[in-house]
Amino acid sequence: MTTSAQPAEKLPSQQTSTIDMKDIVALCKRRGFIFQASDIYGGINGFWDYGPLGTELKNNLRDYWWKSMVTTPPVGPDGHPVQIVGLDSAIIQNPEVWVASGHVGGFSDPMVDCRETKKRYRADHVRVLVPKDRSDNKPWISFMEGMEVNERAKKLGKAGYNLSDPEDAIFWNTELIKLPYEDYENILAPDAKKKGTLTDPKEFNLLFETGVGASEQDRTTAYLRGETAQGIFINYKNVMDSSRVKMPFGVAQVGKAFRNEVNPRNFIFRSREFEQMEMEWFCHPDEASKWFDFWKAERKKFWESIGLSQDNILMRDHEADELVFYSKGTCDIEYKYPFTAPDFGELEGIANRGDYDLTQHQEHSKTKLEYLDPERNNEKYLPHVIEPAAGLTRGVLALLCEAYTIDENRPSGVYLNFHPRMAPKKAAILPLMAKGEQPEVAEKLYMELREEFAVDLDIKQNIGKRYARQDEIGTPYCFTIDDETLADGTVTVRERNTMAQERIALNEVAKYLREKIKA
RNA sequence: GCGGGUGUAGCUUAGUGGUAAAGCACUAGCCUUCCAAGCUAGCUAUGAGGGUUCGAUUCCCUUCACCCGCUCCA
């Protein structure tokens, strides 16, 4: 990340470059979007509470995702809508689920620290050149995977080795974790000057442990789910057997997930409790790559349709060396958050997972998960899986960052430019004066609109203050009742972004809102 | 996890080893016919714990949280 680098010339028109996360966090607290969890107790690292407006915003995003997946899924390449069903699985499952998925025991990453340079490395990425005679009169040099041979030669030279022979004639090139800890005193850490500074590798397990059973004696260890996806895989057979779906089809789920992040950072971007929107798309192995491309395009459209600008979205295909071993392709949809800019940070990951998950669960559960395909001459196969996995809470953060707009020409100095579909409040109903018949007419309109939309009724204080407040929470429209309303049945609509006003008929207000939200 | 920084009201800031001050915001009332106007009143703070002291918001220690950098993110 190169956040410290300043552009050579500052363009005053590009206000977005001056947006500071601190201001967004402050607005979120001030207006009731997001609070530090356990605030009155001094907080707790990595957890956040959603306030009245944050909850509305998050629900809007969640519901729209659900609609776009389950209620009105997209039209597939064959011209017909694809088939996706919903699921809501338990947060706590049989611990074996997480053994099968690899989250427990399998590949949790051991880490080593360097006491001299204070750097930390993934132990399985550090390699060591061990002299074949295991002589300890010179340090054994270590390096990160991928370091060039001639770079290594320089290090060896510095360490006092004679370079006349090829490296592999003198050394075993081995992984750090394969060496016993007694050997560490001979090892020169990748960036250190003195040998013997690496600590014993520490195991990290990112899953939260909990205990099932009310009495201490009967309690067994279980885990809070680290992702919602596994709940889908373990219900794959139940869904197949109960809901008349046939290949290809998807199963969608929204819910909380928990990871003991080593270092929660950047507001709600990396937190220990977060919310995911995941869909697992099951298909014939031969069609996986076609569907992978289909879902990449669909998911990009989704984020654009709720107001994220193309400039702030990046589709980034993973490099081969970045892929987890079972993945046949992964594409991250990244967003240019203020704290990553000018770089991007993950918002959603679309992965071609092959048949890895079903294979694992088939083995561990000893339950057959193959599909008998009547449309392919009763071919039996384990479906391959395409997984668009979005962060709901990261989506909320992206919406907030995208919406945050500085405007010194208005009283609030800032407004939230939410797409009307996402705005926590769709409109405010404001009587210009708090006396006479205006409040009564306003309340009547409010009672009508609230049946269909999340709306605010605000009667007190002068109109400017009320507009300013609605700007700060991103309400796209304000309907103002004045004496003219009483005389001719029209109201003023005030549009958030332009502050422009027009008069429309009182009985057209609901229709007006409906059209604007759909647009 | 390491290093650096910060912590006084919702926000921005003041101040002091001896009753914690102000502006804005917020709430109520008055006033007000379209963008945080005015008048009156009100609410709210030294992150937490311990130590030194007659007395600590101030000095010391611990801890918690946040920010920046590194590390990490199966």
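Residues numbered from 1 in each chain as written. Chains lettered and ligands numbered in written order. Predicted model: local features only at pLDDT ≥ 70, side-chain atom pairs only at ≥ 80, totals over all residues. Heavy atoms only, no water.

Caption draft 1: The arrangement of unusual backbone geometry in detail. Following Met-247, the chain continues to Pro-248 via a peptide bond in cis, the omega torsion being -5°. Looking at the element boundaries, Pro-248 is found in the loop between α7 (236-242) and β13 (249-258). Residue Pro-342 follows Ala-341 across a cis peptide bond; omega there is 5°. In this structure, Pro-342 sits in the loop between β16 (329-335) and β17 (345-354). Although it is not a glycine, Asn-266 sits at a positive phi angle of roughly 60°. You can see Asn-266 is positioned in the loop between β13 and β14 (273-283). Located in the positive-phi region is Met-499, a residue other than glycine, with phi close to 65°. With respect to the helices, strands and loops of the structure, Met-499 is situated in the loop between β26 (490-495) and β27 (501-505). (Helix = DSSP H or I, 4+ residues; strand = E, 2+ residues; numbered from the N terminus.)

Caption draft 2: Structural detail: the packing of helix α2 (residues 52-71) against helix α10 (residues 392-403). Two numbers describe how α2 lies on α10: the axes approach to 10 Å, and their chain directions differ by 115°. It follows from the interaxial angle that α2 and α10 lie roughly perpendicular. Considering how the two elements wind past one another, α2 and α10 form a crossing that is right-handed. The segment α2 lies against α10, with Leu-57, Lys-58, Leu-61 and Arg-62 engaging Leu-392, Thr-393, Gly-395, Val-396, Leu-399 and Leu-400. Grouping the constituent residues of the contact of α2 with α10 by class yields six nonpolar, two polar and two charged. (Axes fitted to C-alpha atoms, helices over the stretch in contact; angles between N-to-C directions. Parallel < 35°, antiparallel > 145°, perpendicular 65-115°, else oblique. Left-handed = near helix turned anticlockwise from the far one by under 90°. Contact = heavy atoms within 4.5 Å. Nonpolar A, V, L, I, M, F, W, Y, C, P; charged D, E, K, R; others polar.)

Caption draft 3: Just helix α1 (residues 21-30), in detail. Burial in α1 covers these residues: Met-21, Ile-24, Leu-27 and Cys-28. One side of α1 carries all its buried residues, which in axial view fall inside an arc of 125°. Away from its buried face, by an angle of more than 90 degrees, α1 presents the exposed residues Lys-22 and Arg-30. Where the residues of α1 are buried, they touch β1 (34-36), α10, β21 (404-406), β22 (414-416) and α12 (463-473). Of the residues flanking the end of α1, it is Gly-32, one or two places downstream, whose phi is positive at about 85°. (Buried < 20%, exposed > 50% of the residue type's maximum accessible area, 1.4 Å probe, protein only. Arc of directions from axis to C-beta.)

Caption draft 4: Structural view of helix α11 (residues 438-449). Between its first and last C-alpha, α11 extends 17 Å over 12 residues, near the 16 Å set by a 1.5 Å rise per residue. Of all the positions in α11, only Gln-438, Pro-439, Ala-442, Leu-445, Tyr-446 and Leu-449 are classed as buried. Buried residues of α11, viewed axially, fall in a sector of 125°; they line one side. Relative to its buried face, α11 has exposed residues pointing more than 90 degrees away, namely Glu-440 and Lys-444. Each element contacted by the buried residues of α11 is listed here: β23 (427-431), β24 (455-457), β25 (477-481), α13 (483-488) and α14 (509-518). (Expected span 1.5 Å × (residues − 1).)

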